[in-house]
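In case you want the letters, here they are:
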Amino acid sequence: QVQLVESGGGLVQAGGSLRLSCAASGRTFSSYAMGWFRQAPGKEREFVAAINWSGDSTDYADSVKGRFTISRDNAKNTVYLQMNSLKPEDTAVYYCAAGTPTWITMSTLSRYDYWGQGTQVTVSS
């Protein structure tokens, strides 16, 4: 069992930056791949970024490539999402998730078993 708690969301102007954190409980954090997903009002939850258990493989949605960076610190049981050059269309509730996807399924929601409660990110124009 893994419990996830996100933090770091807030209101920022377009072009600004935020860093989201996701703290995990449990001794098996390093066994899981971690993902960030987001859901805007009226839209389905979508993939943002993922990182494998060791941190040496990452995947990003095309819409955030070059602007967002996912990383993890297994000693601290924490995964991060550094978000730069934010745009109004990045406004959403951001969720972290833990699971055991294969490399080709790292962007698939159903491959993740544990989810946090979400943190709101609002980007003003």
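Along each chain, the written sequence defines residue order, and numbers are assigned to residues from 1. Reporting of local features is limited, given that this is a predicted model, to residues whose pLDDT is at least 70; pairs of side-chain atoms are given and counted only at 80 or more, and all residues count toward the totals for whole chains, interfaces and linings. Side-chain measures here rest on the full set of heavy atoms in the structure, leaving out hydrogens and waters.

1. Quick notes on the overall build of the chain
Stage number 1. Helix and strand counts for the chain stand at 0 helices and 11 strands.
Stage number 2. Secondary structure is summarised from DSSP: a helix means a run of H or I of at least four residues, a strand means a run of E of at least two, and numbering begins at the N terminus for each. Reading the chain from its N terminus to its C terminus gives the helix and strand order β-β-β-β-β-β-β-β-β-β-β.
Stage number 3. Our radius of gyration looks at C-alpha atoms and nothing else; its globule reference is 2.2 Å times the residue count to the power 0.38. Its C-alpha atoms give the chain a radius of gyration of 13 Å, within 12% of the compact-globule value 14 Å for 125 residues.
Stage number 4. Summarising its shape, the C-alpha atoms of the chain cover approximately 40 × 25 × 25 Å along the three principal directions.
Stage number 5. Sequence separation of at least 24 residues holds for 58% of the intrachain contacts in the chain that already meet a minimum separation of 6.
Stage number 6. With the model as given, the accessible surface of the chain reaches about 6,300 Å², and the carbon-plus-sulfur share is 47%.
Stage number 7. A positive count includes Lys and Arg, and a negative count includes Asp and Glu. His and the chain ends are not counted in either. Taken as the charge location is NZ of Lys, CZ of Arg, CG of Asp or CD of Glu. Looking at charge distribution, the chain has the averaged site of its 11 positive side-chain charges lying 4 Å from that of its 10 negative ones. By definition, residues are in contact when any of their heavy atoms lie within 4.5 Å. Surface accessibility follows the Shrake-Rupley procedure with a 1.4 Å probe radius. Residue values consider only the protein chains on display as shielding.

2. With respect to the state of the cysteines
Stage number 1. In what follows, a disulfide is any cysteine sulfur pair within 2.5 Å. Under the defined criterion, the tally for this structure stands at 1 disulfide.
Stage number 2. Through a disulfide, cysteine 22 is tied to cysteine 96; the S-S separation comes to 1.9 Å. Negative torsions about the S-S bond denote left-handed disulfides, and the value of about 45 degrees found for cysteine 22 with cysteine 96 makes this one right-handed. Of this pair, cysteine 22 sits in strand S3 (residues 18-24) while cysteine 96 sits in strand S9 (residues 92-99), placing them 74 residues apart in sequence.

3. Looking at the sheet that holds strand S7 (residues 68-73)
Stage number 1. Two strands pair if DSSP finds at least two bridges between them. Here we have 4 strands laid out as an open sheet, ordered S1-S3-S8-S7, and antiparallel in their pairing. Looking at which strands have only one partner, the edges of the open sheet turn out to be strand S1 (4-7) and S7. Averaged over all pairs of adjacent strands, the angle between their axes in this sheet comes to 15 degrees, without regard to strand direction.
Stage number 2. Judged from the 6 bridges that link them, S7 and strand S8 (residues 78-83) form a sheet pairing that is antiparallel. Its bridge partner being in S8, serine 71 is matched across the sheet by tyrosine 80. The axes used here are C-alpha line fits, helices contributing only the stretch in contact, and every angle between their N-to-C directions lies in the interval 0 to 180 degrees.

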